[in-house]
Every structure is written in C-alpha cells, then in structure tokens.
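One letter stands for each residue in the lines below.
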Amino acid sequence: MFLEELSIINFKNYSDAFLKLSAKINVFVGNNGVGKTNILDSIYYLSFTKSFFNKTDILNIKFDEDFFLLKGKYIKNNEEFNISCGVKKDKNKILKKDKKEYNKLSEHIGLIPLVMISPADYNLISGTSEERRKFIDSVISQYDREYLEILLKYNKAILQRNKLLKQFSENNSFNKDLLSVYNEQLIDYGTSIYEKRKNFIKALIPVFQTYYKHISEGNEVVELTYKSELLNKSFSDILKENTPKDRVASYTTSGIHKDDVDFNFGEYPIKKIGSQGQQKTYLIALKLSQFDFIKEKSGVKPILLFDDVFDKLDSNRVEQIIKLVIEHNFGQIFITDSNKHRIETILTEISDEHKIFEIINGEINAN
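All of the points below concern the structure found in this document.

**A word on the packing of helix H3 (residues 129-143) against helix H5 (residues 176-216)**
So, point 1. Axis separation between H3 and H5 bottoms out at 11 Å; the angle between their running directions is 90 degrees. With respect to H5, the axis of H3 lies roughly perpendicular. Judged by residue contacts, Arg 133, Ile 136, Asp 137, Val 139 and Ile 140 of H3 engage Lys 196, Arg 197, Phe 200 and Ile 201 from H5.
So, point 2. Tallied by class, residues from the contact of H3 with H5 come to five nonpolar, no polar and four charged.

Here you go:
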C-alpha cells in the first residue's frame, strides 16, 4: 500500500500544502526547525488519528487558526480510498473514509499500517515500563482488532476496580463478592493480553537480532526479554495474593498493566553500556522487526517513516539501513534528513525510484 497524495491545512507550521508522492522513497531535507518532522507526523495522524509527538489535538492547530485538516489518498491492494481527519477548537475530532464518518476512532486502527522511527523512540530505552507496553500494544493492535478491544475493556475494568478499592478505604469497608466481579474481568481480559504479548515478543526476537547484526555488520549480542508476573503465576493467584496490598494502596498493584520488556546488550541493559550509535541501531532494528511482524500478520507492507534517525550514526550504518529497506522491498518510505548531500549521494548510488522535497522558509519544493 502507499500514500499517493497528501493535503495539509493549518497543521502545525503549515498553512496549506499539497504533495504528490513517490510510491517508493520520499525524502524531506532542510535545516532543523523548518517542519520536516511535521510532514511525517501528519502522515502518522492519518493512520492512528493522533500525533506521534503531541497527544493534545488542538495544540497541533497552526497558531492563530481554529482548525486543521489532513487528507490522504491511498492505494491498497489496487483499491483507492481517501482518509480525512479534521480537528476544530471546541469540537469533536472528525475522521472519515471516503466521506463517511467513523462511529468510533478505534474502527480505523489497522486500515493503514505504519511504522514510525524517531529520536523520540529513545524513551523506549530510557523511559518507564509504560512506554514499552505502549509499543507492544500499538504493534499488536495494528493487525489484531480483538486485542485492542480487549485492552480497552481491561483498562476500563482496572479503573472500576481501583474506584471500588478507594471506596472501601474511604468507607472503612470491604465486599469480597463485589471485588470478585472485577477480578473475573481482569483475569479474562488480562490472560488473553498476556498470551498475545508473550507470543509477539517470542516471534519478534529472532527477526530483531537479524536486523541488528545486518546494520551493525558485527557480532554484538542483543536481547529482548518479556517480563510479566503471569510468567510464573496465574492471574487469579496474583490478584488473590495481592488483595491485602491493594486494599492498603487503594489501587490494583499487580497485573499485566505492570508488564515490561528488558532491552539488553549482552547481559547488561543497553541504556547503561550501549553507545549512542549502538542504542540507535538497537531501536532501528526493533522498529524494522516491527515492520516485518505487521507485514506478516496483515499481509500488507506498512508505510515506513524515518524521522531524523541518521544523526549520531556513521555514514556506513546509514547506507546499510537505506540499502536494507530498499533491497528488501519494504514498500513506501519517508525520510527526513538535514544532510541533503549525504542522502542524495546514497540514493543516487542505489538509483531506486525516489522524490526529494526541500523545505525552505515553510515552503515545500520538489527537486
């Protein structure tokens, strides 16, 4: 699948932009701060109905305007369709496919599979377990609609159970039967989520390791390890054992909402011993393996976005990455880079179909 045309109105720093795109490689070059990333974020928005960087919709509206509108014309399995996403101040977000509005935004997730690789991904290494769970959930949700629905139900049940625990604390009371109603929901939804996460990580590991070795051209050993309380105990036993602790804390202290993934370089956390180049290579390999996983499950090649990821990488690793995604026929690729000469040189040598757009003073010019 690929994005054939992109229209941007009042989104971040762009008033009005229209782009006809290559089905293969699209590169946006320009100085830092000119809005290269904003173009990729508009493409991300049309896939996930939200920004990759700023989750508050109205903050993505151009200054002094009261709305933004994004439109994309897509070709998927030889069929054409249009997606539009509009946000207006003090109004609900409107998402449409071929002029028909969605009843729920979640119905759209998975239609346009996409993988974004960005410096912000460093939060996967340095950030909290929540960041890593979101990564796992976002990947699985793109090809498994049932997973997203179960995850939403689990999160709702957690909120309701926490509310009940707080009421017990405030009223100095306890109702075991009432608590068991939410326990049963958590056990049902949580066990299903755990199994899908475990299977995902197991399938991801060998692909991830292969990509890392290819990019680094070395024999460095990298690992992913899934961490969950359900690896050793049933969810039922976990909730039962932690009920006294939950009552004191007034919230659910254990469960799949505490899952995590260890990112290791050899036997040690990569955030502690990995260089900047090794950490960036680790993340790129992780995201490329995400691409493979979604492609295999959905039967569709996701759109691939590289946002300013080549900084801190030597030119050889940059060339290895670009050759890799082209030679392995990844599909449509978008790249932002401040080094125009470097990217032009590599693309000229590879001589694959591409378009280069140069951004100067907020204007997008096709070269």
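Still to come is the rest of the account.
**Comments concerning the side chain of Ser 254**
So, point 1. Along the polypeptide, Ser 254 turns up in the loop between helix H6 (235-249) and strand E10 (260-265).
So, point 2. Overall, Ser 254 belongs to the buried group, its relative accessible area being 4%.
So, point 3. Reaching out from Ser 254, the side chain makes a polar contact with the side chain of Glu 229 at a distance of 3.3 Å.
So, point 4. For Ser 254, the side chain forms a polar contact with the side chain of Asn 242, separated by 3.3 Å.
So, point 5. Setting aside residues up to four positions removed in sequence, Ser 254 forms contacts with Glu 229, Phe 235, Ile 238, Leu 239, Asn 242 and Asp 246.

**Points about the nonpolar core**
So, point 1. Membership of the largest hydrophobic core comes to 68 residues, with the highest contact counts inside it found for Leu 224, Phe 263, Ile 284, Leu 288, Leu 304, Phe 306 and Phe 310.
So, point 2. Per element, the largest residue contribution to this core is 12 residues, and it comes from H5.
So, point 3. Apart from residues no more than four positions distant in its own chain, Ile 284 is found in contact with Ile 117, Ile 215, Phe 306, Val 309, Leu 313 and Ile 321.
So, point 4. Membership of the second largest hydrophobic core comes to 42 residues, among which are Leu 3, Leu 6, Ala 17 and Val 87.

**Concerning the pairing of strand E2 (residues 14-20)**
So, point 1. In this sheet, E2 lies alongside strand E1 (residues 2-11) in antiparallel orientation, the contact comprising six bridges. Bridge assignment links Phe 11 to a residue of E2, and that residue is Tyr 14.
So, point 2. Counting the residues between successive antiparallel strands, the hairpin from E1 to E2 contains two residues, one of them, Lys 12, with a positive phi of roughly 55 degrees.

**Notes on the pattern of salt bridges**
So, point 1. Evaluation of the coordinates by the stated rule reveals 18 salt bridges.
So, point 2. Here Lys 20 and Glu 5 are joined by a salt bridge, their closest N and O atoms 2.8 Å apart. On the criterion of sequence distance, the pair formed by Lys 20 in strand E2 and Glu 5 in strand E1 is long-range, its members being 15 residues apart.

**As for the sheet that holds strand E4 (residues 67-76)**
So, point 1. If you trace the six strands from one edge of the open sheet to the other, you get E2-E1-E4-E5-E6-E7, paired in antiparallel fashion. Among the strands making up the open sheet, the edge pair consists of E2 and strand E7 (100-101).
So, point 2. Packing against the sheet, helix H1 (residues 36-48) makes contact with E1, E2, E4 and strand E5 (79-88), and its axis sits at approximately 110 degrees to E1.

What counts, and where the lines are drawn
- Residues numbered from 1 in each chain as written.
- Predicted model: local features only at pLDDT ≥ 70, side-chain atom pairs only at ≥ 80, totals over all residues.
- Heavy atoms only, no water.
- Axes fitted to C-alpha atoms, helices over the stretch in contact; angles between N-to-C directions.
- Helix = DSSP H or I, 4+ residues; strand = E, 2+ residues; numbered from the N terminus.
- Parallel < 35°, antiparallel > 145°, perpendicular 65-115°, else oblique.
- Contact = heavy atoms within 4.5 Å.
- Nonpolar A, V, L, I, M, F, W, Y, C, P; charged D, E, K, R; others polar.
- Buried < 20%, exposed > 50% of the residue type's maximum accessible area, 1.4 Å probe, protein only.
- Polar contact = N/O pair within 3.5 Å; in protein donor to acceptor, adjacent residues only side chain to side chain.
- Core = buried A, V, L, I, M, F, W, Y, C linked by side-chain atoms within 4.5 Å.
- Pairing = 2+ DSSP bridges.
- Salt bridge = Lys/Arg side-chain N within 4 Å of Asp/Glu carboxyl O.

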